[in-house]
Amino acid sequence: MAASYSDPASVSGQRLKTGLTKLGLTKNFVIAHASLKAFGPIEGGAETMLNALLASSRGILMPTFTYKTMLNPEVGPPRNGIIYGSESDLNKMAEAFHADLPADLMMGVLPEVLRRHPKAKRTSHPIQSFAGIRAEGILNTQTIHNPLGLIGTLADSDGWVLLLGVDHRVNTSIHYGEKLAGRIQFVRWALTRERVVECSGFPGDSEGFNSVAPDVEKYTRRVEIGGALVQAVHLKSLLKVVVQKINEDPFALLCERQDCERCTAVRWP
Ligand SMILES: [Zn+2]
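The rules behind these values
Residues numbered from 1 in each chain as written. Predicted model: local features only at pLDDT ≥ 70, side-chain atom pairs only at ≥ 80, totals over all residues. Heavy atoms only, no water. Buried < 20%, exposed > 50% of the residue type's maximum accessible area, 1.4 Å probe, protein only. Helix = DSSP H or I, 4+ residues; strand = E, 2+ residues; numbered from the N terminus. Arc of directions from axis to C-beta. Contact = heavy atoms within 4.5 Å. Pairing = 2+ DSSP bridges. Core = buried A, V, L, I, M, F, W, Y, C linked by side-chain atoms within 4.5 Å. Phe/Tyr/Trp six-rings, centres within 6.5 Å; stacked < 30°, edge-to-face > 60°. Axes fitted to C-alpha atoms, helices over the stretch in contact; angles between N-to-C directions. Parallel < 35°, antiparallel > 145°, perpendicular 65-115°, else oblique. Left-handed = near helix turned anticlockwise from the far one by under 90°. Nonpolar A, V, L, I, M, F, W, Y, C, P; charged D, E, K, R; others polar. Polar contact = N/O pair within 3.5 Å; in protein donor to acceptor, adjacent residues only side chain to side chain.

J.: Sorry, what's going on with helix α1 (residues 13-21) here?
T.: Side chains three or four residues apart in an α-helix point the same way, a direct result of the helix having 3.6 residues per turn. Restricting attention to buried positions, one finds in α1 the residues L16, G19 and L20. The arc that holds every buried residue of α1, seen down its axis, measures 95 degrees, which confines them to one face. Each element contacted by the buried residues of α1 is listed here: α2 (45-55), β6 (160-164), β9 (220-225) and β10 (228-234).

This is the structure we're talking about:
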(Lines give C-alpha, C1' and ligand atoms only; values in the text may rest on other atoms or scores of the structure.)
Protein backbone atom coordinates (compact mmCIF):
# COMPACT_ATOMS: atom_id res chain seq x y z
CA MET A 1 0.00 0.00 0.00
CA ALA A 2 1.29 3.44 -0.87
CA ALA A 3 2.10 5.73 2.01
CA SER A 4 -0.61 8.22 2.77
CA TYR A 5 0.42 11.64 3.93
CA SER A 6 -0.78 15.19 3.82
CA ASP A 7 1.57 17.61 2.10
CA PRO A 8 1.31 20.89 4.01
CA ALA A 9 1.88 22.80 0.76
CA SER A 10 -1.01 21.06 -1.00
CA VAL A 11 -4.54 22.39 -1.31
CA SER A 12 -7.18 20.39 0.56
CA GLY A 13 -10.74 19.75 -0.58
CA GLN A 14 -12.01 21.80 2.33
CA ARG A 15 -9.87 24.76 1.33
CA LEU A 16 -11.15 24.54 -2.25
CA LYS A 17 -14.74 24.28 -1.07
CA THR A 18 -14.38 27.22 1.32
CA GLY A 19 -12.73 29.35 -1.35
CA LEU A 20 -15.21 28.53 -4.10
CA THR A 21 -18.19 29.04 -1.77
CA LYS A 22 -17.01 32.63 -1.24
CA LEU A 23 -18.00 33.30 -4.85
CA GLY A 24 -21.63 33.04 -3.74
CA LEU A 25 -22.77 30.68 -6.49
CA THR A 26 -24.27 27.78 -4.53
CA LYS A 27 -27.67 28.48 -6.16
CA ASN A 28 -26.30 29.02 -9.68
CA PHE A 29 -25.31 26.83 -12.59
CA VAL A 30 -21.71 27.28 -13.73
CA ILE A 31 -19.65 26.49 -16.80
CA ALA A 32 -16.11 25.79 -15.62
CA HIS A 33 -12.71 26.01 -17.31
CA ALA A 34 -9.70 24.98 -15.25
CA SER A 35 -5.97 24.54 -15.07
CA LEU A 36 -5.35 22.41 -11.99
CA LYS A 37 -1.61 23.08 -12.24
CA ALA A 38 -2.26 26.71 -11.30
CA PHE A 39 -3.38 25.54 -7.83
CA GLY A 40 -0.22 23.61 -7.06
CA PRO A 41 -0.70 20.11 -5.66
CA ILE A 42 -4.34 19.34 -4.79
CA GLU A 43 -5.02 16.53 -2.30
CA GLY A 44 -6.92 13.94 -4.32
CA GLY A 45 -6.37 15.82 -7.57
CA ALA A 46 -9.09 16.50 -10.12
CA GLU A 47 -11.79 14.51 -8.24
CA THR A 48 -11.31 16.80 -5.24
CA MET A 49 -11.72 19.85 -7.46
CA LEU A 50 -14.86 18.42 -9.06
CA ASN A 51 -16.40 17.67 -5.65
CA ALA A 52 -15.62 21.19 -4.45
CA LEU A 53 -17.26 22.63 -7.58
CA LEU A 54 -20.35 20.48 -7.02
CA ALA A 55 -20.52 21.55 -3.39
CA SER A 56 -20.31 25.25 -4.30
CA SER A 57 -22.73 25.40 -7.25
CA ARG A 58 -26.22 24.26 -8.26
CA GLY A 59 -24.87 22.31 -11.21
CA ILE A 60 -21.83 22.30 -13.45
CA LEU A 61 -20.96 21.86 -17.08
CA MET A 62 -17.72 21.82 -19.03
CA PRO A 63 -16.74 21.47 -22.67
CA THR A 64 -15.61 17.92 -23.51
CA PHE A 65 -14.61 18.76 -27.07
CA THR A 66 -13.11 16.08 -29.31
CA TYR A 67 -10.97 17.68 -32.01
CA LYS A 68 -9.57 14.32 -33.08
CA THR A 69 -12.86 13.55 -34.88
CA MET A 70 -12.28 16.40 -37.32
CA LEU A 71 -11.59 15.92 -41.01
CA ASN A 72 -10.14 18.54 -43.33
CA PRO A 73 -11.50 18.09 -46.88
CA GLU A 74 -9.66 18.93 -50.11
CA VAL A 75 -12.22 21.56 -51.03
CA GLY A 76 -15.04 23.37 -49.27
CA PRO A 77 -16.84 26.68 -48.88
CA PRO A 78 -14.81 29.92 -49.09
CA ARG A 79 -14.12 32.23 -46.11
CA ASN A 80 -14.12 29.27 -43.76
CA GLY A 81 -11.01 29.93 -41.66
CA ILE A 82 -9.25 26.80 -42.87
CA ILE A 83 -6.60 25.76 -45.40
CA TYR A 84 -8.22 22.89 -47.26
CA GLY A 85 -6.20 19.75 -47.84
CA SER A 86 -3.51 20.80 -45.36
CA GLU A 87 -4.11 18.01 -42.86
CA SER A 88 -4.35 14.82 -44.91
CA ASP A 89 -2.03 13.04 -42.44
CA LEU A 90 -4.29 14.03 -39.55
CA ASN A 91 -7.31 12.84 -41.51
CA LYS A 92 -5.81 9.35 -41.54
CA MET A 93 -5.62 9.39 -37.74
CA ALA A 94 -9.10 10.83 -37.20
CA GLU A 95 -11.19 8.92 -34.70
CA ALA A 96 -14.96 8.45 -34.96
CA PHE A 97 -16.98 10.15 -32.26
CA HIS A 98 -18.75 7.95 -29.73
CA ALA A 99 -20.16 8.69 -26.29
CA ASP A 100 -17.05 7.38 -24.51
CA LEU A 101 -14.46 9.18 -26.62
CA PRO A 102 -12.30 11.05 -24.07
CA ALA A 103 -12.38 14.84 -23.96
CA ASP A 104 -9.38 16.45 -25.66
CA LEU A 105 -6.49 16.82 -23.19
CA MET A 106 -5.94 20.33 -24.55
CA MET A 107 -8.73 21.37 -22.16
CA GLY A 108 -6.97 19.92 -19.13
CA VAL A 109 -7.84 16.84 -17.08
CA LEU A 110 -10.97 18.12 -15.32
CA PRO A 111 -13.44 17.79 -18.25
CA GLU A 112 -12.54 14.12 -18.62
CA VAL A 113 -12.90 13.50 -14.88
CA LEU A 114 -16.31 15.19 -15.03
CA ARG A 115 -17.34 13.13 -18.07
CA ARG A 116 -16.42 9.88 -16.31
CA HIS A 117 -18.34 10.76 -13.13
CA PRO A 118 -21.23 8.29 -12.58
CA LYS A 119 -23.76 11.14 -12.41
CA ALA A 120 -22.51 13.00 -15.49
CA LYS A 121 -24.40 13.37 -18.76
CA ARG A 122 -22.66 14.17 -22.01
CA THR A 123 -24.11 15.63 -25.20
CA SER A 124 -23.53 13.91 -28.53
CA HIS A 125 -22.09 16.69 -30.71
CA PRO A 126 -19.18 14.99 -32.53
CA ILE A 127 -16.79 17.94 -32.03
CA GLN A 128 -18.27 20.27 -29.40
CA SER A 129 -19.84 18.00 -26.80
CA PHE A 130 -20.39 19.16 -23.22
CA ALA A 131 -20.64 17.13 -20.03
CA GLY A 132 -22.43 18.16 -16.88
CA ILE A 133 -23.77 17.12 -13.53
CA ARG A 134 -27.18 18.41 -12.32
CA ALA A 135 -27.38 20.42 -15.54
CA GLU A 136 -29.32 18.10 -17.85
CA GLY A 137 -31.97 20.69 -18.76
CA ILE A 138 -29.22 22.97 -20.06
CA LEU A 139 -27.27 20.22 -21.84
CA ASN A 140 -30.44 19.08 -23.63
CA THR A 141 -30.71 22.37 -25.51
CA GLN A 142 -27.61 21.74 -27.64
CA THR A 143 -28.28 20.98 -31.30
CA ILE A 144 -25.95 20.02 -34.14
CA HIS A 145 -26.56 23.36 -35.87
CA ASN A 146 -26.30 25.50 -32.74
CA PRO A 147 -23.58 23.77 -30.73
CA LEU A 148 -23.17 26.69 -28.32
CA GLY A 149 -26.90 27.40 -27.95
CA LEU A 150 -26.76 25.78 -24.53
CA ILE A 151 -24.64 28.74 -23.38
CA GLY A 152 -27.72 30.90 -24.06
CA THR A 153 -29.83 28.55 -21.93
CA LEU A 154 -27.22 28.77 -19.19
CA ALA A 155 -27.29 32.57 -19.38
CA ASP A 156 -31.10 32.57 -19.15
CA SER A 157 -30.78 30.39 -16.05
CA ASP A 158 -28.61 33.08 -14.39
CA GLY A 159 -25.48 31.00 -15.01
CA TRP A 160 -21.89 32.04 -14.38
CA VAL A 161 -18.55 31.31 -16.06
CA LEU A 162 -15.84 30.02 -13.73
CA LEU A 163 -12.22 30.54 -14.80
CA LEU A 164 -10.10 28.45 -12.44
CA GLY A 165 -6.46 29.41 -12.92
CA VAL A 166 -7.11 30.22 -16.59
CA ASP A 167 -8.00 33.40 -18.47
CA HIS A 168 -10.57 34.43 -21.06
CA ARG A 169 -8.69 32.69 -23.90
CA VAL A 170 -10.46 29.47 -22.83
CA ASN A 171 -13.80 31.16 -22.12
CA THR A 172 -16.02 29.25 -24.59
CA SER A 173 -19.03 31.43 -23.77
CA ILE A 174 -17.41 34.40 -25.55
CA HIS A 175 -17.81 32.43 -28.77
CA TYR A 176 -21.55 32.37 -28.22
CA GLY A 177 -21.48 36.15 -27.79
CA GLU A 178 -19.66 36.37 -31.14
CA LYS A 179 -22.45 34.36 -32.74
CA LEU A 180 -25.13 36.56 -31.13
CA ALA A 181 -23.33 39.61 -32.53
CA GLY A 182 -23.62 38.13 -36.02
CA ARG A 183 -19.95 37.29 -36.45
CA ILE A 184 -19.23 34.67 -39.12
CA GLN A 185 -19.38 31.04 -37.96
CA PHE A 186 -17.47 28.28 -39.72
CA VAL A 187 -18.21 24.81 -41.03
CA ARG A 188 -16.22 21.77 -39.96
CA TRP A 189 -16.53 18.05 -40.62
CA ALA A 190 -16.49 15.26 -38.09
CA LEU A 191 -16.21 11.52 -38.34
CA THR A 192 -18.87 9.44 -36.57
CA ARG A 193 -19.34 5.68 -36.69
CA GLU A 194 -22.07 6.09 -39.33
CA ARG A 195 -20.83 8.88 -41.58
CA VAL A 196 -19.07 12.21 -41.92
CA VAL A 197 -21.20 14.92 -40.30
CA GLU A 198 -21.14 18.54 -41.43
CA CYS A 199 -21.00 20.73 -38.34
CA SER A 200 -22.02 24.35 -38.80
CA GLY A 201 -21.66 26.97 -36.07
CA PHE A 202 -17.98 26.26 -35.49
CA PRO A 203 -16.50 29.32 -33.75
CA GLY A 204 -13.47 31.49 -34.46
CA ASP A 205 -10.16 31.89 -32.66
CA SER A 206 -10.02 32.75 -28.95
CA GLU A 207 -6.43 34.06 -28.64
CA GLY A 208 -7.62 37.68 -28.50
CA PHE A 209 -10.33 37.15 -25.87
CA ASN A 210 -8.41 38.68 -22.94
CA SER A 211 -9.25 42.13 -24.26
CA VAL A 212 -12.75 41.59 -22.81
CA ALA A 213 -11.40 41.59 -19.23
CA PRO A 214 -11.67 45.35 -18.44
CA ASP A 215 -15.22 45.45 -19.83
CA VAL A 216 -16.46 42.63 -17.60
CA GLU A 217 -14.62 43.83 -14.50
CA LYS A 218 -17.82 44.93 -12.79
CA TYR A 219 -19.49 41.57 -13.43
CA THR A 220 -16.52 39.58 -12.09
CA ARG A 221 -16.02 38.05 -8.64
CA ARG A 222 -12.59 36.83 -7.57
CA VAL A 223 -11.05 34.56 -4.99
CA GLU A 224 -7.50 33.25 -4.60
CA ILE A 225 -7.00 29.60 -3.68
CA GLY A 226 -3.52 28.11 -3.35
CA GLY A 227 -1.51 29.85 -6.04
CA ALA A 228 -4.48 30.25 -8.36
CA LEU A 229 -6.82 33.07 -9.19
CA VAL A 230 -10.44 31.99 -9.61
CA GLN A 231 -12.72 34.36 -11.47
CA ALA A 232 -16.50 34.10 -11.76
CA VAL A 233 -18.13 36.14 -14.52
CA HIS A 234 -21.88 36.68 -14.77
CA LEU A 235 -22.71 35.03 -18.09
CA LYS A 236 -25.62 37.16 -19.28
CA SER A 237 -23.58 40.33 -18.64
CA LEU A 238 -20.57 38.83 -20.43
CA LEU A 239 -22.66 38.05 -23.52
CA LYS A 240 -24.09 41.57 -23.52
CA VAL A 241 -20.58 43.06 -23.32
CA VAL A 242 -19.28 40.86 -26.16
CA VAL A 243 -22.18 41.80 -28.46
CA GLN A 244 -21.71 45.48 -27.66
CA LYS A 245 -17.94 45.31 -28.28
CA ILE A 246 -18.41 43.67 -31.69
CA ASN A 247 -21.18 46.11 -32.63
CA GLU A 248 -18.80 48.97 -31.88
CA ASP A 249 -15.79 47.35 -33.57
CA PRO A 250 -16.38 44.42 -35.97
CA PHE A 251 -12.78 43.28 -35.38
CA ALA A 252 -12.97 43.31 -31.58
CA LEU A 253 -11.56 40.27 -29.69
CA LEU A 254 -9.54 39.02 -32.68
CA CYS A 255 -5.89 38.03 -32.35
CA GLU A 256 -2.93 39.84 -33.92
CA ARG A 257 -1.36 36.87 -35.69
CA GLN A 258 -1.01 37.53 -39.40
CA ASP A 259 -1.27 33.81 -40.20
CA CYS A 260 -4.41 33.17 -38.14
CA GLU A 261 -6.89 31.70 -40.60
CA ARG A 262 -9.99 32.20 -38.52
CA CYS A 263 -9.30 35.82 -37.52
CA THR A 264 -8.37 36.55 -41.14
CA ALA A 265 -11.72 35.14 -42.26
CA VAL A 266 -13.50 37.54 -39.88
CA ARG A 267 -11.47 40.46 -41.30
CA TRP A 268 -12.29 39.33 -44.87
CA PRO A 269 -12.33 42.38 -47.13
ZN1 LIG B 1 -6.66 34.60 -34.39
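J.: So what exactly am I meant to see when it comes to the pairing of strand β7 (residues 186-191) here?
T.: The two faces of a sheet get side chains in turn, since along a regular strand they alternate between them. With 5 of 6 residues buried, β7 lies mostly within the body of the structure. For strand β3 (residues 70-71) and β7, the ladder comprises 2 bridges, and the chain directions are antiparallel. Bridging from a neighbouring strand, M70 pairs with A190 of β7. As paired elements, β7 and strand β8 (residues 196-202) share 5 bridges and run antiparallel to each other. The partner of L191 across the bridge, within β8, is V196. Adjacent in sequence and paired antiparallel, β7 and β8 are bridged by 4 residues.

J.: Can you walk me through the nonpolar core in this structure?
T.: A general trend in soluble globular proteins is that nonpolar side chains are found buried together. Core analysis: the largest hydrophobic core is formed by 34 residues, its most contacted members being L61, F130, I151, V212, L235, L238 and L253. Only β1 (29-34), α5 (136-139), α6 (149-156), β6, α7 (173-180) and α9 (235-248) provide two or more residues apiece to this core. Here V212 is in contact with H168, I174, L238, V241, V242, K245 and L253, once residues within four sequence places are set aside. Core analysis: the second largest hydrophobic core is formed by 33 residues, F39, L53, A131 and L162 among them.

J.: Which parts of the structure should I look at to understand the packing of aromatic side chains?
T.: Each aromatic ring pair is characterised by the separation of its centres together with the angle its planes make. Applying the stated criterion across every chain, the model contains 3 aromatic pairs. Here a set of aromatic residues connected by ring pairs shows up, and it is made of F65, Y67 and F130.

J.: Honestly, the packing of α7 against α9 in this entry has me stumped. Any pointers?
T.: Between two packed helices, both the angle of their axes relative to each other and the distance between the axes serve to describe the pair. In contact at an axis separation of 8 Å, α7 and α9 are set at 50 degrees when each is read in the N-to-C sense. By the angle class used here, α7 and α9 are oblique. For the crossing formed where α7 meets α9, the hand is right-handed. Every residue of α9 that contacts α7 at S173, I174, Y176, G177, E178 and L180 is listed here: L235, L238, L239, V242, V243 and I246. Its residues assigned to classes, the contact of α7 with α9 shows 9 nonpolar, 2 polar and 1 charged.

J.: Would you mind showing me how to read the side chain of H234 here?
T.: Checked against the element boundaries, H234 lands in strand β10. On the accessibility criterion, H234 (17% relative accessible area) is buried. Separated by 2.8 Å, the side chains of H234 and D158 make a polar contact. Excluding anything up to four places from it in sequence, H234 contacts D158, G159, W160 and Y219.

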